Amino acid sequence: MQIFFEGVMANSVSALHTDVNVVPEQEQHELEEKASNLEREISQLRLKLKYLNGKRREALNRILDIKGSIRVFSRIRPFLQSEKFRHFDPISVESEKILVQTKGSRKDFRFDKVFAQDASQDDVYAEVVPILKSALDGHNVCVIAYGQTGTGKTITMDGMEKQPGIVPRALKDLLSEASADNSSSYSFSMSMLEVYMGSLRDLLEPKLPNKLFETSRRNLTILTDKKGAVEIEGLTEVSVHDFETASWCYNKGRLARSTAWTNVNEASSRSHCLMRITISHFNNATKDQKEVSKLWMVDLGGSERCLKTGATGHTLDEGRAINLSLSALSDVIVALRRKRRHIPYRNSKLTQILKDSLGVSSKVLIIVHLSPREEDVAETICSLGFGTRARAVDSDREISEDMRKQKEKQILMIEDEMRNIEGDRQKVVNQIKHAEFLLSDNSKVFTAKYGGAECDSETPAVISKGNIEHQVQIPKMPKKVLKRSSTDSLPRFMTSTMASRQRETASGKGSVRKLNTPSSRSRNSFPLMSFQSVSDIHLRIQPRSANKKTRYGEVNAAATLTQSPNWSVSDYKMESNIHGKLLTSPNPILRATLSHHRRRMSDLI
Ligand SMILES: Nc1ncnc2c1ncn2[C@@H]1O[C@H](COP(=O)(O)OP(=O)(O)OP(=O)(O)O)[C@@H](O)[C@H]1O
């Protein structure tokens, strides 16, 4: 009877333990399980995204291969208000052909695409997009605006306030495309320079102190490394994370460019203006080596013969310098087309700068700009000659009509395929965002209930808030907790079981018995039993540029990191700092418990 009673008592005590302790443990276990499932799902989705990125890249390359890696477009500017009363229109246009009529002669010129006078900025940009996207895929890319003064090169590249050109659109698209791609991390930097009379000027150079309207105008030097990569010594490079910063820098560079009045254009560009976007790409899924590519967008100086502009003295010299470098550019492109062994890059500063972006594995787009005026016909024919040389050297360019149609059909099919891939990519990107959101939520619940969370600096996520996208760090489940929840670990075995509690009771460990009372075993009320080392994690934010260990501030790891308007996550290195504090207590009973706890924890690691 006595024995039976003791048995019943023992059972009722253990039932008490089970009711109060097992339920939170089970809940904790479920949260851990959910976290590891979500992590698994995210990594599988990232792999899928990587596969789709590869397919997209491959399809894009196929299109570019069919179209050719050096493409030449032509754009004819509309008549200006002052030119409306014309008698004769010497140029007529088809989608890939320009016909020029002069007194007694007719000549046609073929291009990859021709934009007539009524073509909009949207029409032009739509054709440029595939080439720009290949810069995100790791190719060096050059988009070059060529043409006589006043034919609309600057309009095509810069655009007007309500009709932006290629450069602002490209900046916007690249930045938003990169932030939407969760499988990769991109960083962008921007430089601008002009080649003026054979010397190089930094257009983004900070103003000299006390001389707000002057820069040092120093000549920069071009360096080439053993692998053939080109760098310009001392050129200002600005990290850009958002479109506002990028367009501010771009406008600053444009204003610093050299212009002069000529007969043909009031604010004629007297130099070649080059803008470089350097793209660093790191694939989060594969952790492959970082890829760096360059996108050059070039607004060349006017190509006209010097007499035409009425230039004299210094302006005449400027025109001559522009023409010399343009003919060097033409020679390089012709040599590349003919696959010559020697490419004469060294003949001008312009071609030296663009050397690693005009090569075999690069993508080049030249847009030849033309005037519609009869009095400019001679210049128009010169420009068309440049475009034809750049394009027609590739002998298979002049293909039969049948072949051309076949190529067009192939391109349409690949474009269709790309649209499907893009749709699948978007779905996967959204699934990743959703899973990351759930993981972040799960982690917050865990932290609130059981304390302690750890931020993994390698898993940033982009979360949209309205139109603004923020990069946030997703707090990860504490490593030890995750280890317990993984399928091959022994989570239940590691927690104190009823048997072990009974053993402790039998061995008369009063301290443990005391701690095992329902109230004291609540993890929230007795945090020492939880993972105190993890709750101690702090993140230190450091500006990447300053290699010094400047401490900007500390945030609790459990808190979500949000972006300051002027700071960007990619600007800073995250450093987790786990303070391995050894907890102790003057109370001998508590000390014994702690040492027991530490032994168990060390088994878990
Ligand atoms: N597509 C267009 N739509 C409307 N206006 C245009 C267009 N293209 C050129 N223009 C007009 O032609 C003039 C010259 O254009 P722009 O300055 O772009 O020429 P440019 O080739 O860059 O000249 P430069 O070589 O001297 O810099 C401007 O007044 C511009 O408004």
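Rules used throughout
Residues numbered from 1 in each chain as written. Predicted model: local features only at pLDDT ≥ 70, side-chain atom pairs only at ≥ 80, totals over all residues. Heavy atoms only, no water. Helix = DSSP H or I, 4+ residues; strand = E, 2+ residues; numbered from the N terminus. Buried < 20%, exposed > 50% of the residue type's maximum accessible area, 1.4 Å probe, protein only. Areas by Shrake-Rupley, 256 points an atom, 1.4 Å probe, with all protein chains shown as cover. Pairing = 2+ DSSP bridges. Axes fitted to C-alpha atoms, helices over the stretch in contact; angles between N-to-C directions. Salt bridge = Lys/Arg side-chain N within 4 Å of Asp/Glu carboxyl O. Polar contact = N/O pair within 3.5 Å; in protein donor to acceptor, adjacent residues only side chain to side chain. UniProt positions renumbered as here; feature names shortened; annotations may be inferred. Expected span 1.5 Å × (residues − 1). Bend = angle between axes of the 7 residues up to and from the residue. Phe/Tyr/Trp six-rings, centres within 6.5 Å; stacked < 30°, edge-to-face > 60°. Core = buried A, V, L, I, M, F, W, Y, C linked by side-chain atoms within 4.5 Å. Domains from an automatic or database assignment. Parallel < 35°, antiparallel > 145°, perpendicular 65-115°, else oblique. Left-handed = near helix turned anticlockwise from the far one by under 90°. Contact = heavy atoms within 4.5 Å. Nonpolar A, V, L, I, M, F, W, Y, C, P; charged D, E, K, R; others polar. pLDDT = per-residue confidence, 0-100.

What follows is about the overall build of the chain. A count of helical and extended segments in the chain gives 15 helices and 21 strands. Across the 605 residues in the chain, those meeting the buried criterion constitute 47%. If you sum the accessible surface of the chain, you get close to 31,500 Å²; carbon and sulfur atoms cover 54% of it.

Looking now at the sheet that holds strand S2 (residues 91–94). Strand order in the open sheet made by the three strands is S2-S3-S4, with antiparallel pairing throughout. The open sheet is flanked by S2 and strand S4 (105–110), the only strands paired with a single partner. With strand direction ignored, the average angle separating the axes of adjacent strands in the sheet is 20°. Where S2 meets strand S3 (residues 97–102), four bridges bridge the pair, whose relative direction is antiparallel. Along S3, the bridge assignment pairs Val-93 with Ile-98.

All right, on to the pattern of salt bridges then. Summed over the entire model, instances satisfying the criterion amount to 17 salt bridges. In this structure, Glu-436 engages Arg-46 in a salt bridge whose closest nitrogen and oxygen atoms are separated by 2.5 Å. With a gap of 390 residues between them, Glu-436 in helix H9 (residues 401–450) and Arg-46 in helix H1 (residues 2–67) connect regions that are remote in the sequence. Relative accessible area serves as the criterion here: at 2%, Glu-436 is assigned to the buried category. Relative accessible area serves as the criterion here: at 12%, Arg-46 is assigned to the buried category. Between Glu-375 and Arg-373 there is a salt bridge; the shortest N-O distance is 3.9 Å. Residue classification places Glu-375 among the exposed residues on the basis of a relative accessible area of 52%. For Arg-373, a relative accessible area of 21% puts it in the partly exposed group.

Looking now at the side chain of Asp-112. Within the fold, Asp-112 resides in the loop between S4 and strand S5 (113–115). In terms of polar contacts, Asp-112 uses its side chain to reach the backbone amide nitrogen of Val-72, at 2.7 Å.

As a further point, take the UniProt feature "coiled-coil region" (unreviewed entry) in the chain. Sites flagged by UniProt as "coiled-coil region" (unreviewed entry) map to residues 28–55. This span, residues 28–55, is 100% helix and 0% strand, and a straight line between its end C-alpha atoms measures 41 Å.

For helix H2 (residues 121–136), with 16 residues, the first-to-last C-alpha span of 22 Å sits near the 22 Å given by 1.5 Å per residue. Where H2 bends most, the angle comes to about 40°, and this point is Val-129, followed within four residues by the proline Pro-130.

Looking now at the environment of Lys-449. As for its position among the elements, Lys-449 is in helix H9. For Lys-449, a relative accessible area of 32% corresponds to the partly exposed category. For the pair Lys-449 and Pro-24, spaced 425 residues apart in sequence, the C-alpha separation works out to 9.4 Å.

Turning our attention to the packing of aromatic side chains. Applying the stated criterion across every chain, the model contains three aromatic pairs. With a centroid separation of 3.8 Å and an interplanar angle of 0°, the aromatic rings of Tyr-146 and Phe-386 are classed as stacked. Taken together, the residues span a long stretch of sequence, with Tyr-146 in strand S6 (residues 141–147) and Phe-386 in helix H8 (residues 377–392) at a distance of 240 residues. Exposure remark for Phe-386: the relative accessible area of 2% places this residue in the buried category. Each ring, one from Tyr-186 and one from Phe-188, has its centre 6.3 Å from the other, and the planes form 20°; the classification is stacked.

Moving on, we get to the pairing of strand S15 (residues 291–299). For S15, a buried count of seven out of nine residues is recorded, marking the element as mostly surrounded by other parts of the structure. Note: S6 against S15, five bridges, orientation parallel. The residue bridging Ala-145 from the neighbouring strand is Asp-299, located in S15. Summarising the sheet, strand S14 (residues 272–283) and S15 pair through nine bridges and their orientation is antiparallel. The partner of Ile-279 across the bridge, within S15, is Ser-293.

What follows deals with the nonpolar core. By size, the foremost hydrophobic cluster in this structure holds 47 residues, and its most contacted members are Val-143, Ile-166, Phe-188, Met-190, Met-275, Ile-277 and Met-297. Structurally, this core is a two-domain feature, drawing no fewer than three residues from each of domain 1 (35–68 + 403–445) and domain 2 (126–206 + 219–366). Membership of the second largest hydrophobic core comes to 45 residues, among which are Ile-91, Leu-200, Ile-232 and Val-377.

In this section: unusual backbone geometry. Positioned with a positive phi, Met-197 is a non-glycine residue whose angle comes to about 50°. Looking at where Met-197 falls in the secondary structure, it is placed in the loop between strand S7 (184–196) and strand S8 (199–202).

Topologically, Asp-376 is positioned in the loop between strand S16 (363–370) and H8. In this structure Asp-376 comes out as buried when scored by relative accessible area, which is 2%. A distance of 2.9 Å separates a polar atom in the side chain of Asp-376 from a polar atom in the side chain of Arg-373.

Our next topic: the packing of H2 against helix H4 (residues 166–180). Closest axis-to-axis distance for the H2/H4 pair is 10 Å, and the angle between their directions is 45°. Taken together, the axes of H2 and H4 lie oblique to each other. Crossing geometry of H2 relative to H4 is assigned as right-handed. Residue-level contacts link Gln-121, Asp-122, Val-124, Tyr-125, Val-128, Leu-132, Lys-133 and Leu-136 of H2 to Ile-166, Arg-169, Ala-170, Asp-173, Leu-174 and Glu-177 of H4. A breakdown of the residues in the contact of H2 with H4 according to their chemical character gives eight nonpolar, one polar and five charged.

When pLDDT is averaged along the chain, the result is 70; 61% of the residues meet or exceed 70. Long-range and interchain partners of residues 503–585, a stretch whose pLDDT sits below 50, account for 143 contacts in this model, where long-range means more than four residues apart. Across the interfaces of the predicted complex, the ipTM metric reaches 0.97, alongside a pTM of 0.62.

The first and last C-alpha atoms of H9 sit 72 Å apart over 50 residues, in line with the 74 Å expected at 1.5 Å per residue. Of the residues flanking the end of H9, it is Gly-451, one or two places downstream, whose phi is positive at about 75°.

With that out of the way, let us pick up the pairing of S14. Judged by how many residues are buried, S14 sits mostly within the fold: eleven of twelve residues are covered. Examined bridge by bridge, S7 and S14 share twelve bridges and lie antiparallel to one another. Counted as the bridge partner of Tyr-186 is His-281 from S14.

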